[in-house]
Amino acid sequence: MEENKKKLMERYWDKLTSEELWDHVIDASIEIVLILLASWLAVRLGKKFIKKVFLIRMRSPLNHSERRQRTIARLLQSVISYVVYFSAIIGILSSLNIKVAGLLAGAGIVGLAIGFGAQSLVKDVITGFFIIFEDQFGVGDYIKINAAEGTVVEIGLRTTKINGATGEQFIIPNGAIGEVVNYSVNNSKIFIDLQMTTAADFGKAEAVINKYLETLPTLHKELITTPVFLGVQNVKGTEVTIRIAAETLPQQQYGVARTIRRDVTKLFEENNIPMAYPKMMFYGKDEGRSE
């Protein structure tokens with residue numbers, strides 16, 4: 001028994017110290033390092049090439065969908081990483097004399113079995129393809145999906161990532177995406193309501209506002225056209241509501257609206273046009289009144 005153990009140990013020791021084994025280890029190590037280096041360079045150069053190609057396309061005067069080009073570029077960069085690194089794993093396994101064909105055959109059988117129970121994954125991938133190639137929304141768009149609202153930061157074949165206004169990130173499976181509201185496709189329109197008193201000179205107020213609105217397109221490049229003074233919208237008691245309409249580039253209406261409100265309020269003060277402010281009235285009971 002002791003003799004058998006000794007022979008077994010000697011055989012293993014001979015294998016570990018054999019020149020053939022260490023030659024194979026050195027060769028395999030060199031191959032693995034070269035495969036990893038080549039993969040890293042391929043991914044890096046591939047991503048740079050894709051970025052450069054799509055950057056040229058986005059700068060082209062014939063390009064009408066910069067957001068679509070940016071989205072497809074991100075997707076292709078992800079795909080090239082998956083393909084190259086998967087190929088690198090296959091190459092490393094081959095360098096280690098592991099039969100890749102057998103592993104792939106086994107993986108195919110397991111994948112087929114899993115596929116019957118992974119219908120949601122298939123749905124996610126198919127929906128992802130339709131989202132990207134139908135250009136429903138793209139990276140950088142401000143959208144609303146169900147309860148998630150914010151800016152799209154990534155569209156993958158399986159999930160979509162959205163950054164909310166307060167910093168939260170929504171990760172939504174593509175198969176769960178139903179109704180989508182995209183705020184970044186068309187120009188944004190906004191109505192700005194201001195209140196003035198019935199005692200104010202309406203003609204003077206209209207002239208002041210129209211003169212001011214004509215100066216805005218040269219000051220604000222986000223404006224599509226000159227804002228329009230729509231006049232009186234409502235009268236309630238001693239309060240008159242006037243309205244201004246503006247059209248801007250997508251998602252640029254909020255800053256323009258704040259500027260118009262600020263400037264019109266200042267112009268009304270400078271031209272002695274009274275604005276309506278909330279008033280508080282107190283009613284008291286006369287004390288000590290005899291009946």
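For clarity, every value in this text was computed on a predicted model and none was experimentally measured.

Reading guide: rules and limits
Residues numbered from 1 in each chain as written. Predicted model: local features only at pLDDT ≥ 70, side-chain atom pairs only at ≥ 80, totals over all residues. Heavy atoms only, no water. Buried < 20%, exposed > 50% of the residue type's maximum accessible area, 1.4 Å probe, protein only. Helix = DSSP H or I, 4+ residues; strand = E, 2+ residues; numbered from the N terminus. Pairing = 2+ DSSP bridges. UniProt positions renumbered as here; feature names shortened; annotations may be inferred. Salt bridge = Lys/Arg side-chain N within 4 Å of Asp/Glu carboxyl O. Axes fitted to C-alpha atoms, helices over the stretch in contact; angles between N-to-C directions. Contact = heavy atoms within 4.5 Å. Expected span 1.5 Å × (residues − 1). Arc of directions from axis to C-beta. Polar contact = N/O pair within 3.5 Å; in protein donor to acceptor, adjacent residues only side chain to side chain. Parallel < 35°, antiparallel > 145°, perpendicular 65-115°, else oblique. Left-handed = near helix turned anticlockwise from the far one by under 90°. Nonpolar A, V, L, I, M, F, W, Y, C, P; charged D, E, K, R; others polar.

Turning our eyes to something else, we now look at the pairing of strand E1 (residues 142–145). Here E1 shows a buried face lined by Ile143 and Ile145 and an unburied face lined by Tyr142 and Lys144. Note: E1 against strand E2 (residues 148–155), four bridges, orientation antiparallel. The residue of E2 that forms the bridge with Ile143 is Gly150. Turn length for the E1-E2 hairpin, with the two strands adjacent in sequence and antiparallel, is two residues, and the turn residue Asn146 shows positive phi of about 55 degrees.

UniProt feature "transmembrane region" (unreviewed entry): in the numbering of this structure it lies at residues 25–43, 75–94 and 100–122. Within residues 25–43, the helical portion is 100% and the strand portion 0%, while the C-alpha atoms at the span's ends are 27 Å from each other.

Tallied over the full model, the rule gives three salt bridges. Put simply, Lys161 and Glu154 hold a salt bridge, and the shortest N to O gap is 3.8 Å. Its relative accessible area of 24% is what places Lys161 among the partly exposed residues.

What follows covers the sheet that holds strand E7 (residues 228–236). Judged by pairing direction, the sheet is antiparallel, and its three strands sit side by side in the order E6-E8-E7 without closing on themselves. Of all strands in the sheet, those bounded by a partner on one side alone are strand E6 (188–197) and E7. With strand direction ignored, the average angle separating the axes of adjacent strands in the sheet is 25 degrees. Inspection of the sheet shows E6 paired to strand E8 (residues 239–248) by 10 bridges, in the antiparallel sense. When the sheet's bridge partners are listed, Phe191 is paired in E8 with Ala245. Contacting E6, E7 and E8, helix H6 (residues 202–213) crosses the sheet at an angle of about 145 degrees to E7.

Quick look at H6 now. Over its 12 residues, H6 runs 16 Å from end to end, which matches the ideal 16 Å to within 8%, given 1.5 Å per residue. For H6, the complete set of buried residues consists of Ala205, Val208, Ile209, Tyr212 and Leu213. Take H6 and look down its axis: the buried residues cluster within an arc of 130 degrees, on one side only. Residues of H6 that are buried make contact with E6, helix H7 (216–219), E7, E8 and helix H8 (253–270). Where H6 begins, one side-chain oxygen reaches toward the backbone nitrogen of Gly203, 3.2 Å away; that side chain belongs to Asp201.

Right, let's get into the packing of H6 against H8. At a minimum axis distance of 11 Å, the contact between H6 and H8 shows a crossing angle of 135 degrees. Classified by the interaxial angle, the pair formed by H6 and H8 is oblique. Between H6 and H8 lies a crossing of right-handed hand. Across the interface between the two elements, Ala205, Val208, Ile209 and Tyr212 of H6 pack against Thr259, Ile260, Asp263, Val264, Leu267 and Phe268 of H8. Within the contact of H6 with H8, the residues separate by chemical class into eight nonpolar, one polar and one charged.

All right, on to the side chain of Thr259 then. Assignment of secondary structure puts Thr259 in helix H8. A relative accessible area of 16% means that Thr259 is categorised as buried. Look past the residues within four positions of Thr259 in its chain and what remains in contact with it is Tyr212 and His220.

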